[in-house]
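Overview (structure and organization)
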Number of protein chains: 2
Amino acid sequence: MDVQELTRELKLKNNSKIVLVVSDGVGGVQETPDGQTELETASTPNLDELAKQNVCGLTIPILPGITPGSGPGHLSLFGYDPLKYAIGRGALEALGIDFDLGPKDVAIRGNFCTVDDDGAITDRRADRIPTETCVRLVEKLRAISIDDVELFVEPVRDYRFVVVLRGEGLEDNVADTDPQVVGAKVLEPVARTPGSKRTAEIAAHFAHQAKEILRDERPANMLTLRGFASRPLIPSMNEVYGLNSCAIAVYPMYRGLASLVGMDVVPSGSSIDDQVEALGRHWNSFDFFFFHFKYTDSAGEDGNFDEKVRRIEELDARIPAIAKLRPDVLIVTGDHSTPTKLRSHSWHPVPVLLAADTCRRDETTQFGESQCVRGGLGQFEAKYLLTLALAHAGRLQKYGA
Amino acid sequence: MDVQELTRELKLKNNSKIVLVVSDGVGGVQETPDGQTELETASTPNLDELAKQNVCGLTIPILPGITPGSGPGHLSLFGYDPLKYAIGRGALEALGIDFDLGPKDVAIRGNFCTVDDDGAITDRRADRIPTETCVRLVEKLRAISIDDVELFVEPVRDYRFVVVLRGEGLEDNVADTDPQVVGAKVLEPVARTPGSKRTAEIAAHFAHQAKEILRDERPANMLTLRGFASRPLIPSMNEVYGLNSCAIAVYPMYRGLASLVGMDVVPSGSSIDDQVEALGRHWNSFDFFFFHFKYTDSAGEDGNFDEKVRRIEELDARIPAIAKLRPDVLIVTGDHSTPTKLRSHSWHPVPVLLAADTCRRDETTQFGESQCVRGGLGQFEAKYLLTLALAHAGRLQKYGA
């Protein structure tokens, strides 16, 4: 049984506030035989104090051994079974630029690339053209028109953009046109199901017209289309939890993820201090706040241990300002681990700290992996975290008489 | 997959004895920053000694964050998936007064209440009339007669009673007639499914006749009907485990719950010493003994920390007498936590202690929440506890070749 069937039935309204701070990819791995993880190495007096007074544990993002992408990692944290709700990459990208993806839309992630005279790809990212160039090229692509379908082309960043097809009978099961290797030609879009045939045809028309338009550009003289995806049907957090929710995130993708579960995505500036400020500004208007901190993951992906430590300390320094708002439940965790040792997302369970007056204190004295192993919350699937948040906030009736 | 599908297939008979001591609501929460939980505060030399020699852990009654009522809390402990088997309040109440609820019955919980001259409720509990008054009024209500249905009206306690309708074609999906607020009129019973229409009509007849009968009574001049429920279909413990089971419980509800899973509910007196005595008396007649101790929950609901500590110590003092019978498996746990700090059932995992010659000893030296976090049984859903009991009692074959 999906735990959300229970929360729908048992949810209660009250005046409590819940803050979920997601330090992206915060979990780590020791790099040396005697070393500690990134989180354990960081000086985190504020998180440690919270850990000492409250309860910790480890979340398993999906299932043991399964490494999540950002989409499923966050859906779990929001309490949605990540194996039940799948979000295609194109949809995620479109939502990430605040594109209002509708039920008849198919979103596609586009990459500008460079091809030689024979059409073979020489650079899959067109020398990472600057965003200004991307904007200019996207403007040119908007001249493309195809019968019976509405087209939207939107720049994202650098060499990346989004195409959205809007029309009747468009399914999203179409293979990427990016061959993934330099030296190969851009592929034709191929439908993998009969219902996606029309989508593939429209994408092919689009790609051919785009090829003409970009012919004389350098380095971005071609494009690839990837991650064809419709907007997934996901019930809102209000529907399943009765939570009026708000997202305070800087990066487009996380803003998109939040909007997918019905959060209000508020202006959050560009720095963590802007985010803290936004949290305070919207404090009275929402029940639940998703606060996303990206840079622990970026440092992990870069394999930069010291930088990840520094970013964790940067977050720790803002904890008092968040705690000062007196949330009834304050949770600090990650959507997955990104150990600098692996330079990528990983499956390792993620430290979680839950601070609430209603918690059962455990013996954790430091917020780090080794201590979280023995934390009172145990190791549990991340999809239950939101149920725990609701419980600690007094927002669930009991089940059964 | 339901673990009971496995136990049905793998169960073995032997001469082992299993005792499940349920200290209702035993799990707790620290009340002060430096304090311990109720169980940790209590002096429990006998439980601690058992913990030291055996294995401990924590059970999650339903799912993380979900607080159970007594019904689902106990079903879990008996190994029944509490999300699969639901017990309606009326059925629970009827079973709790030893009413032999049959397959054609619908049980309804009745409350006497007070209404003013306009029929508006002024007291939903009729000034909590004493049980003697309840008995007298129920006697009067027994005069009610309705065609083609057999009626039973039984007092419970204070202002509460049970009505059972017995007849053909009675389904139980009928809304409560209690408007839940003072100042509103008692509602008509409304069927929520076509199959429950007849039940609603009979309930309406009953309520109208009752209104006439109670007209001149004060303060109990009216009644509300709640929790319409048929007896749920639950396979017996003998069927799923091959256990000949016995319940030693003082309070009606727990006796009712036990009878629902096919336990023999034996006379258990009114004190814990009576219960210990009953355990010894029936020792040779059963394989499994459910021993229910209510007062840890009552003290928790009252928010009385010291009383809960005292009750835990009261139970601890009887452990040697129980252990002296030499059960092959002795389990001590609760159906849920009832922290005095919250004054209610809660979702916090429940300490569990399993003593058996076949257990793998862990490092627990004291039976309390902090140590159970690190216990060898880990944190697990309570519905698996009975499988563990069977395993430790040598009552399960291996699965597969």
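Residues numbered from 1 in each chain as written. Chains lettered and ligands numbered in written order. Predicted model: local features only at pLDDT ≥ 70, side-chain atom pairs only at ≥ 80, totals over all residues.

Let us now look at the packing of helix α3 (residues 45-53) of chain B against helix α12 (residues 305-323) of chain B. Packed helix pairs are specified by the crossing angle of their axes together with the interaxial distance, meaning the distance between the axes. Residues and elements named next belong to chain B. α12 packs onto α3 with a crossing angle of 60 degrees between their chain directions and a minimal axis gap of 7 Å. The angle between α3 and α12 falls in the class oblique. Contacts from P45, N46, L47 and L50 of α3 reach α12 at D316, I319 and P320. Here the contact of α3 with α12 is built from residues that sort into five nonpolar, one polar and one charged. (Axes fitted to C-alpha atoms, helices over the stretch in contact; angles between N-to-C directions. Helix = DSSP H or I, 4+ residues; strand = E, 2+ residues; numbered from the N terminus. Parallel < 35°, antiparallel > 145°, perpendicular 65-115°, else oblique. Contact = placed C-beta atoms within 7 Å. Nonpolar A, V, L, I, M, F, W, Y, C, P; charged D, E, K, R; others polar.)

So, about the domain arrangement of chain A. Residue and element names in this part refer to chain A. Each assigned domain of chain A is listed with its residue range as follows: domain 1 (3-86 + 234-392) and domain 2 (92-230). One C-alpha centre belongs to domain 1, the other to domain 2; they are set 33 Å apart. Taken together, the eight residues of domain 1 in the interface contact five residues of domain 2. The dominant element in the side of domain 1 that touches domain 2, judged by the number of residues it contributes, is helix α9 (residues 252-260), at seven residues. In terms of residue class, the side of domain 1 that touches domain 2 is built from four nonpolar, three polar and one charged. (Domains from an automatic or database assignment.)

The subject of this paragraph is the interface of chain A and chain B. Counting residues at the interface gives 23 residues for chain A, matched by 28 residues for chain B. Counting residues per element, the ones that place at least two in the side of chain A that touches chain B are α1 (3-10) and α14 (385-392) of chain A. Sorting elements by how many residues they give to the side of chain A that touches chain B places α14 of chain A first, with four residues. The residue inventory of the side of chain A that touches chain B, partitioned by class, reads eleven nonpolar, six polar and six charged.

Membership of the largest hydrophobic core comes to 249 residues, with the highest contact counts inside it found for L20, I331, L353 and L354 of chain A together with L20, I331 and L353 of chain B. Once residues within four sequence positions are removed from consideration, I331 of chain A is found in contact with V19, L20, V21, V352, L353, L354, L385 and A389 of chain A. (Core = buried A, V, L, I, M, F, W, Y, C linked by C-beta atoms within 7 Å. Buried ≥ 20, exposed ≤ 12 C-beta atoms within 10 Å, placed from the backbone.)

All right, on to the environment of D176 of chain B then. Residues and elements named next belong to chain B. On the secondary structure map, D176 appears in the loop between β6 (160-166) and α7 (197-214). Using a count of 19 C-beta atoms within 10 Å as the deciding quantity, one classes D176 as partly exposed. Here the alpha-carbon distance between D176 and R318, two residues 142 residues apart in the chain, equals 42 Å. Residues contacting D176, with those up to four places away along its chain left out, are L225, R226 and G227.

Moving on, we get to the relation of the copies chain A and chain B. Taken as rigid bodies, chain A and chain B are interconverted by a rotation of 122 degrees and an axial shift of 0.2 Å, the fit giving an RMSD of 0.5 Å. The superposition operator between the copies reduces to a three-fold rotation axis. Taking C-alpha positions as the reference, the residue of chain A nearest the rotation axis is R374 of chain A, at 3.6 Å. (Least-squares fit on C-alpha atoms with pLDDT ≥ 70 in both.)

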